[in-house]
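Structural characterization, general
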There are 4 protein chains.
Amino acid sequence: MISHIGLVGLGKMGNNMRERLRRSSIEVTGFDPRPEVSDVASLADLVATLPSPRVIWVMVPAGEPTRGVIDELGGLLTEGDIIVEGGNSHYAEDQERAAELAERGIGYVDCGVSGGVWGLENGYGLMCGGDVAHVETLMPVFDALRPEGPREEGFVHAGTVGAGHFAKMVHNGIEYGLMQAYAEGYELLAAKKDIVTDVHGTMKAWQRGTVVRSWLLDLMVKALEEDPGLAGLDDWVDDSGEGRWTIDEGVDNAVPLPVISAALFARFASRQESSPAMRAVAALRQQFGGHSVKKAE
Amino acid sequence: MISHIGLVGLGKMGNNMRERLRRSSIEVTGFDPRPEVSDVASLADLVATLPSPRVIWVMVPAGEPTRGVIDELGGLLTEGDIIVEGGNSHYAEDQERAAELAERGIGYVDCGVSGGVWGLENGYGLMCGGDVAHVETLMPVFDALRPEGPREEGFVHAGTVGAGHFAKMVHNGIEYGLMQAYAEGYELLAAKKDIVTDVHGTMKAWQRGTVVRSWLLDLMVKALEEDPGLAGLDDWVDDSGEGRWTIDEGVDNAVPLPVISAALFARFASRQESSPAMRAVAALRQQFGGHSVKKAE
Amino acid sequence: MISHIGLVGLGKMGNNMRERLRRSSIEVTGFDPRPEVSDVASLADLVATLPSPRVIWVMVPAGEPTRGVIDELGGLLTEGDIIVEGGNSHYAEDQERAAELAERGIGYVDCGVSGGVWGLENGYGLMCGGDVAHVETLMPVFDALRPEGPREEGFVHAGTVGAGHFAKMVHNGIEYGLMQAYAEGYELLAAKKDIVTDVHGTMKAWQRGTVVRSWLLDLMVKALEEDPGLAGLDDWVDDSGEGRWTIDEGVDNAVPLPVISAALFARFASRQESSPAMRAVAALRQQFGGHSVKKAE
Amino acid sequence: MISHIGLVGLGKMGNNMRERLRRSSIEVTGFDPRPEVSDVASLADLVATLPSPRVIWVMVPAGEPTRGVIDELGGLLTEGDIIVEGGNSHYAEDQERAAELAERGIGYVDCGVSGGVWGLENGYGLMCGGDVAHVETLMPVFDALRPEGPREEGFVHAGTVGAGHFAKMVHNGIEYGLMQAYAEGYELLAAKKDIVTDVHGTMKAWQRGTVVRSWLLDLMVKALEEDPGLAGLDDWVDDSGEGRWTIDEGVDNAVPLPVISAALFARFASRQESSPAMRAVAALRQQFGGHSVKKAE
């Protein structure tokens, strides 16, 4: 039974996860390139520290960083060891990487992790993909990370390798849609301040008994408490890649995603200093109707 | 302090609300045109039964039925009495009606009620609009209906007359967006059954710790438990009018509602036997490219 | 056979229409509140000038101004006269007004007019609604205004009163969608300037032979010729009301309008200094993930 | 000066292009796997037939078929020869293939071809990408294929290799949006047949003078002439891949494409026997409100 694992990447997420695991008496040796937070000096040291079969949880940014760590670990680990990719890799990359590692007898489990900065206290929602045997080996780790309550309400073995990140990707796509839905409703309420005199109180009152109650609503209420009118924030919204992948998958699988795509496109638009498309529409209106336009400053 | 009210309309919602009020020791005299469920024989009888100042809660279908009941009550009630419109009236109608009743000294409070069939046990989320004095008078009724917990998490006096139904309308608009977001995610998960082998389990695992956890998600999980694959349902989705009003308000107030409108339009499309628009696109493709089309059967 | 009509409203559209009618030997007496452009001093003078049965074409801004002119004309005209509402009235207002005037024997024809500033030379696309007899009376006027070529390619008697403005409203809704489609394509081309080195030339090359050729495309090419990169314009796009009505009609008739609504909402968003909805999404992301946001300046 | 080229692929498009080239006195040797339409027996024969430097225009389905032909040609052609990829390849594949062929001194020009079955008579809209020298060599071929009129209104050298197909992809994305815009407008007109009694006549009247006049509108009118009410067609709309790529590019480049994506998703939805997403929404409504649903048959 696993009681000691390695954890690569001690950023905002990794650091909290190490803490939560330790609270559950799972020994964690953490590695991070920043010596001031790292428990060991190198990946090689990390591997040397762990009992066999080794379990190493990778929690670094998706893409090159994750690829680099896993490639290096692939050269250090041996048959029977397991890598858990807990970051936000694309599920197709999971499949490629698992196939490579399998040739050398190294297990690979992908695990989508939800919960953000709240996970340390609330536990993390976990969705994983991989072989049954690997998942069973890792179960003490998953149990330590997931929220209190029935296991199946905070953890799933969703399918074969890649299923965990596919599920997390869809989770994030849904999240985009949910956030935009609340945001549109908020804007409409706020546009009618002549009659709706208490926008914050209205959303607060949705927290119990209503159909729209949710954790995101709770956060919305909290945000409005801290900054009524949200005047302290710019209307600039980043996106982290998983929303984009969700649309790509919808397109590939001919699944209509009107809401999730609208939410993603609203974010793109929010980051534009000036929209070339809307300049084009303005230009067309000027051409055919002499309609009023605004000159660029 | 109000301890006895009238309740007009004993359908699915009204009946449960009467029950919940009675459990809180609020006396309720209910009227419904169906004698087998009604406590009195007529609106006039209802008015005669109530202590002064009278409070009558109207819980009948929006539009003509609500208008009819309130008009009749207007002729029966006297100065100082209060009508609570608990149905789904349009907020502009509330404003008209309140103005008419105010001329005769009768109070009018509009109250959006959320919670559906679950409200009897969970309590109802309440959003009301009207004069402070009227709302204060009604507070024992609101407290009996709303969920347990802090009052402000299940009840709000949102603003002037109409604000309650405006808030409820926005609530429902958001609801459309939320439901469509989960539905799109569900479809995408289900489209990848080669790797995501447990769609139900995946959504179940989102119930704790994740960003998308919500009451609607809980219902989605419940629905999938009862009917895996949702094979027993047709893909036909009704809409109840408040989603439409939400879009109308967005249009009137120049508030962009891409997500809520996409959710509404998906419902419209779901009810079409054959889409004239898509026949038109098929016709265009056939015209310019000799592209494959399907002949109507 | 009509050879002399009155024309109320000598703005950008009305003035050009008067000129085009005169070129076709239709006598036009124009009235406008601005004496410097008006042929007569008042509506009463206008009515007095015209031969019986009188035809008066109204070409003033929709809403109050149009209502005012038609109400006044209703008091001046007599049985057998005809009013043509050539502005952008809502079709339901046409129906109300026609019914009122019909009581006094005055005819009413609504006519949607398309073509903008180009209409003087190209002719105006005309869609009208009303009684067959009225439309036949007006035909010399319609023939003078419409483009050269077969009558049915630039003029239609679309149906009963209101049909002309309903058709024009739909025309404008389509126009919103078309413009946004070109605009999105333009932005995508312009985003790939590393390989597409000639965006203007690319759109110019679509003018002949391609599926997307159209008059709007010609205008887009012209705009890019005059201002490559459209750098001289702000990305601020007004809307004139008919796009909004189109969405309202879609909502009322349960017709899905995903493209036209997206085009309208893009315009709304283009005019916002700061989007409350996107501030809300930013606030949510900050709450759950400590994600990067931008502080308002 | 090129006066004799090879043409691979004699399907609907290729066959018409051969005919149009021959009418312009360009000699064309065509190859197709179907002997009954082919001028030569094999690609090798085709290459042997052509004068040096050889020009071979490839007009076969995108993906494997195109890849196969170009790979084989790569082995048969020699330095100074040029391949024109006239199909619908993805621009990134153009770039890969051009790089491979360049190593062996073989030129590669990608050319998007628009016009469908109408191209034979009207000429084809052409957008190409590649080296200036190659494009100049090919100009007699392009001039024969493109529509009458100024060269720059039916042909563009849009940029480096890939630019032609990128431009064609965007062209098709725009086309999706335009078609959906007309289709939505058509449906709304048809939904108001109580007042708009002549839907076909209305769209016909938009052909001259209006802002929405276009070639697609002409086709729409033609389709309505041939099949009033479009009753003979199913509401099933295919998509050919380039609309999908357009969305992928929008997502990759953070370009909001609300209209083009809505048009694509409407096509996806049109092909679903039963929408899993809408079954999910129906299930949710049933769960919380006991709302009416339809059971699957």
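Here the structure is a predicted model, which is why all the values come from computation and not from measurement.

Describing the sheet that holds strand E7 (residues 155-159) of chain D
Residues and elements named next belong to chain D. Taken together, seven strands build an open sheet; the order of strands is E2-E1-E3-E4-E5-E6-E7 and the sheet is mixed. Of all the strands in the sheet, just strand E2 (27-31) and E7 have a single pairing partner and so form its edges. Strand-to-strand twist across the sheet, computed as the mean angle between neighbouring axes with direction ignored, equals 25°. Taken together, the five bridges between strand E5 (residues 107-114) and strand E6 (residues 125-129) define a ladder with antiparallel strand orientation. Residue pairing in the sheet places Val113 in a bridge with Leu126 of E6. Against the sheet, helix H1 (residues 12-23) engages strand E1 (4-8), E2, strand E3 (55-58) and E5, with an angle of about 160° to E2. Across the sheet, helix H4 (residues 91-102) is in contact with strand E4 (82-85) and E5; its angle to E5 comes to roughly 150°.

What about the pattern of salt bridges?
All chains considered together, the criterion is met by 80 salt bridges over all chains. Between A:Glu153 and B:Arg208 there is a salt bridge whose closest N-O contact spans 2.7 Å. Of the two residues, A:Glu153 is situated in the loop between helix H6 (132-145) and strand E7 (155-159) and B:Arg208 in the loop between helix H8 (199-204) and helix H9 (215-226); the pairing between them involves two chains. We classify A:Glu153 as buried; its relative accessible area is 19%. The partly exposed category is assigned to B:Arg208, whose relative accessible area is 30%. Between D:Arg54 and D:Asp81 there is a salt bridge, and its shortest N-O distance comes to 2.6 Å. Within this pair, whereas D:Arg54 is found in the loop between helix H2 (43-49) and E3, its partner D:Asp81 is found in the loop between helix H3 (64-76) and E4, the two being separated by 27 residues in sequence. Each member of the pair, D:Arg54 together with D:Asp81, is buried.

Brief notes about the interface of chain B and chain A
Between chain B and chain A, the contact holds 75 residues from the first and 75 residues from the second. When the area that chain B buries against chain A is broken down by residue, the three leading residues are B:Leu188, B:Arg208 and B:Val211, summing to 12%. Where chain B touches chain A, the interface holds four salt bridges. Taken together, chain B and chain A are joined by 26 residue pairs in polar contact (both at pLDDT 80 or more). Looking at the side of chain B that touches chain A, the elements that each hand over two or more residues are helix H4 (91-102), strand E6 (125-129), strand E7 (155-159), helix H7 (163-190), H8, H9, helix H10 (242-252) and helix H11 (258-270) of chain B. Broken down by element, the side of chain B that touches chain A gets its largest block of residues, 18 residues, from H7(B).

Some remarks on the relation of the copies chain B and chain A
Taken as rigid bodies, chain B and chain A are interconverted by a rotation of 180° and an axial shift of 0.0 Å, the fit giving an RMSD of 0.0 Å. The two molecules are tied by a two-fold rotation axis, judged by turn and shift. Ranked by how close their C-alpha atoms come to the rotation axis, the residues of chain B are headed by B:Ser214, at 2.0 Å. The residues that chain B uses at the interface reappear at the interface of chain A in 100% of cases, marking a shared surface.

Some details on the packing of helix H12 (residues 276-289) of chain B against helix H11 (residues 258-270) of chain D
Any two packed helices are characterised by how steeply their axes cross, that is the angle between the axes, and by the distance between the axes. For the pair H12(B) and H11(D), the least separation of the axes is 11 Å and the interaxial angle reads 100°. Considering the angle they form, H12(B) stands roughly perpendicular to H11(D). Across the interface between the two elements, B:Met278, B:Val281 and B:Arg285 of H12(B) pack against D:Ala266, D:Arg267 and D:Ser270 of H11(D). For the contact of H12(B) with H11(D), the residue count by class is three nonpolar, one polar and two charged.

What to know about the packing of aromatic side chains
What characterises a pair of aromatic rings is the spacing of the ring centres plus the angle enclosed by the ring planes. For the structure on display, the rule yields 20 aromatic pairs over all chains. Judged by centre distance (5.0 Å) and plane angle (35°), the rings of B:Phe142 and B:Phe155 are tilted. You can see B:Phe142 sitting in helix H6 (residues 132-145) and its partner B:Phe155 sitting in strand E7, a full 13 residues away along the chain. An angle of 55° between the planes, with centres 6.0 Å apart, marks the rings of C:Phe265 and C:Phe268 as tilted. In this pair, C:Phe265 and C:Phe268 are both assigned in helix H11 (residues 258-270), three residues apart and thus about one turn of the helix distant. What makes C:Phe268 buried here is its relative accessible area of 2%.

So, how was this worked out
- Residues numbered from 1 in each chain as written.
- Chains lettered and ligands numbered in written order.
- Predicted model: local features only at pLDDT ≥ 70, side-chain atom pairs only at ≥ 80, totals over all residues.
- Heavy atoms only, no water.
- Pairing = 2+ DSSP bridges.
- Helix = DSSP H or I, 4+ residues; strand = E, 2+ residues; numbered from the N terminus.
- Axes fitted to C-alpha atoms, helices over the stretch in contact; angles between N-to-C directions.
- Contact = heavy atoms within 4.5 Å.
- Salt bridge = Lys/Arg side-chain N within 4 Å of Asp/Glu carboxyl O.
- Buried < 20%, exposed > 50% of the residue type's maximum accessible area, 1.4 Å probe, protein only.
- Buried area = accessible area lost by both parts, 1.4 Å probe.
- Polar contact = N/O pair within 3.5 Å; in protein donor to acceptor, adjacent residues only side chain to side chain.
- Least-squares fit on C-alpha atoms with pLDDT ≥ 70 in both.
- Parallel < 35°, antiparallel > 145°, perpendicular 65-115°, else oblique.
- Nonpolar A, V, L, I, M, F, W, Y, C, P; charged D, E, K, R; others polar.
- Phe/Tyr/Trp six-rings, centres within 6.5 Å; stacked < 30°, edge-to-face > 60°.

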